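Here are the chains, one letter per residue:
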Amino acid sequence: IISGINFIEECILLLNYPQGATYFINGFKEAEKILSDINKKEYNPLIILLSDGDDDNPNETIDYVKDVSTYFI
């Protein structure tokens, strides 16, 4: 068990504070890059999407996730 680490604060320090507008698709595009490049025989990746609001374009995000999910299942 990992203790003493505040993951949200660590993410904020790494990524800076939210700048407005919430586009989940941007997070999924970054996840796709990571999953495309990672050695899946060596690592079992876990992607966690953190958000400060509702997706500003949920239909586009859902279509994107449906499209790329076939590559990684």
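So, here is what we can say about the structure in this document. Just so it is clear, the structure is predicted and the values come from calculations on it, not from any experiment.

Our focus in this paragraph is the packing of aromatic side chains. Scanning the entire structure with this criterion turns up zero aromatic pairs. The residue whose ring lies beneath K29 is Y64, and the NZ or CZ to ring-centre distance is 6.0 Å.

Okay, the environment of N59 next. Structurally, N59 is set in helix 3 (residues 58-72). Each C-alpha atom, one on N59 and one on I25, is 9.8 Å from the other, the two residues being 34 residues apart in sequence.

On the surface, I8, L46, I48 and L50 cluster together into a nonpolar patch covering about 460 Å² of accessible area. Structurally, the position occupied by I8 is in helix 1 (residues 7-15).

Turning our eyes to something else, we now look at the pattern of salt bridges. This model, assessed by the stated rule, comprises one salt bridge. The salt bridge involving E30 is made with K33; its shortest N-O contact spans 3.1 Å. Residue E30 and its partner K33 are located together in helix 2 (residues 24-37), separated by three residues, close to a single helical turn. By relative accessible area, which is 43% here, E30 ends up partly exposed. The class for K33 is partly exposed, based on a relative accessible area of 49%.

About the criteria used
- Residues numbered from 1 in each chain as written.
- Predicted model: local features only at pLDDT ≥ 70, side-chain atom pairs only at ≥ 80, totals over all residues.
- Heavy atoms only, no water.
- Phe/Tyr/Trp six-rings, centres within 6.5 Å; stacked < 30°, edge-to-face > 60°.
- Lys NZ or Arg CZ within 6 Å of the ring centre and 35° of its normal.
- Helix = DSSP H or I, 4+ residues; strand = E, 2+ residues; numbered from the N terminus.
- Patch = residues over 30% accessible without salt bridge, like charges linked within 9 Å, V, L, I, M, F, W, Y side chains within 5 Å.
- Areas by Shrake-Rupley, 256 points an atom, 1.4 Å probe, with all protein chains shown as cover.
- Salt bridge = Lys/Arg side-chain N within 4 Å of Asp/Glu carboxyl O.
- Buried < 20%, exposed > 50% of the residue type's maximum accessible area, 1.4 Å probe, protein only.

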